[in-house]
Amino acid sequence: MNSIKSFEKFTALFILLILLAFLSTNFAFQMRELSESEIEKMFSELKRLQGLPYVWGGTSSFGLDCSGLVIYLLRILGHNQFVYQNSLVFDVTADNLYKYNTKPIADLKSLKKGDLIFFDMNEDTVYDHVVIFEKFDRYGNIWVWDAAEVSDGIQQNKVDRRPLSLLKARKYALGRIVVLSK
């Protein structure tokens, strides 16, 4: 009788351990950085999109907003799902791109082509604007791509490449895009 109870306890413990192992790994997504060829393809597409109208919430070739631009480019590369908390979704905000789909970068000097710069425009701890870093020019200016209605006080209303100004006047964060490993 004792051996049956011991076996039942062992079996229950074993099942519990298997269940815990499954639950703890079920939501751990394998992520990777974009390859150099993917980043180059992304910038080729950006040149093609230059001048496309800004549309708040836009994620298609009819019009894009800032996070929609990043999502659109990643979809062209074949990355159609994004991490949001413990789930996979088809669309995310700039804030959730930063929180779940980038690897934090410590400082501006560490930026690489294709990295993202996020801005808290309302100073409410939510990153509500994102730009795509292209390069530092020989004068130290930061060149970015974005889709914005107004950028740095200038009416833009389109996807465009521009120098980034007033960076130090805003709360910002830096991130390197990570995507699901296939």
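Residues numbered from 1 in each chain as written. Predicted model: local features only at pLDDT ≥ 70, side-chain atom pairs only at ≥ 80, totals over all residues. Heavy atoms only, no water.

A. Up close: the environment of S165. Considering the arrangement of structural elements, one finds S165 in the loop between β10 (154-164) and β11 (171-180). S165 gets classed as partly exposed once you look at its relative accessible area, which sits at 33%. When the C-alpha atoms of S165 and W143 are compared, they prove to be 9.3 Å apart, with 22 residues separating the residues in sequence. (Helix = DSSP H or I, 4+ residues; strand = E, 2+ residues; numbered from the N terminus. Buried < 20%, exposed > 50% of the residue type's maximum accessible area, 1.4 Å probe, protein only.)

B. Representation of helix α2 (residues 36-49) in the model. Between the first and last C-alpha of α2 there are 20 Å, a value that for 14 residues agrees with the 20 Å anticipated at 1.5 Å per step. Three or more residues of α2 are buried, namely E38, I39, M42, F43, E45, L46 and L49. Down the axis, α2 shows its buried residues gathered within 160° of arc, on one side only. Exposed and facing more than 90 degrees away from the buried side of α2 are E36, S37, K47 and R48. The first or second residue beyond α2 is G51, which carries a positive phi of 95°. (Expected span 1.5 Å × (residues − 1). Arc of directions from axis to C-beta.)

C. Quick look at the pattern of salt bridges. According to the stated counting rule, one finds nine salt bridges in the structure shown. Its salt-bridge partner being E38, residue R32 comes within 3.0 Å of it at the nearest N-O pair. As a salt-bridge pair, K99 and D95 come within 2.9 Å of each other at their nearest N and O atoms. Remark: D95 and K99 occur in helix α4 (residues 94-101); sequence separation between them is four residues, near one turn of the helix. (Salt bridge = Lys/Arg side-chain N within 4 Å of Asp/Glu carboxyl O.)

D. Region of interest: the nonpolar core. In this structure, L69 and I132 are the most contacted members of the largest nonpolar core, which totals 31 residues. Put simply, the parts of the chain that give this core at least two residues each are α2, α3 (66-76), α4, β7 (116-120), β8 (129-136), β9 (142-151) and β11. Looking at which element gives the most residues to this core, the answer is α3, with seven residues. With residues near it in sequence (within four places) discarded, L69 still touches L46, L49, L64, I132, D146, A147 and V159. L108, F133, L167 and L174 belong to the second largest nonpolar core, which has 12 residues in total. (Core = buried A, V, L, I, M, F, W, Y, C linked by side-chain atoms within 4.5 Å. Contact = heavy atoms within 4.5 Å.)

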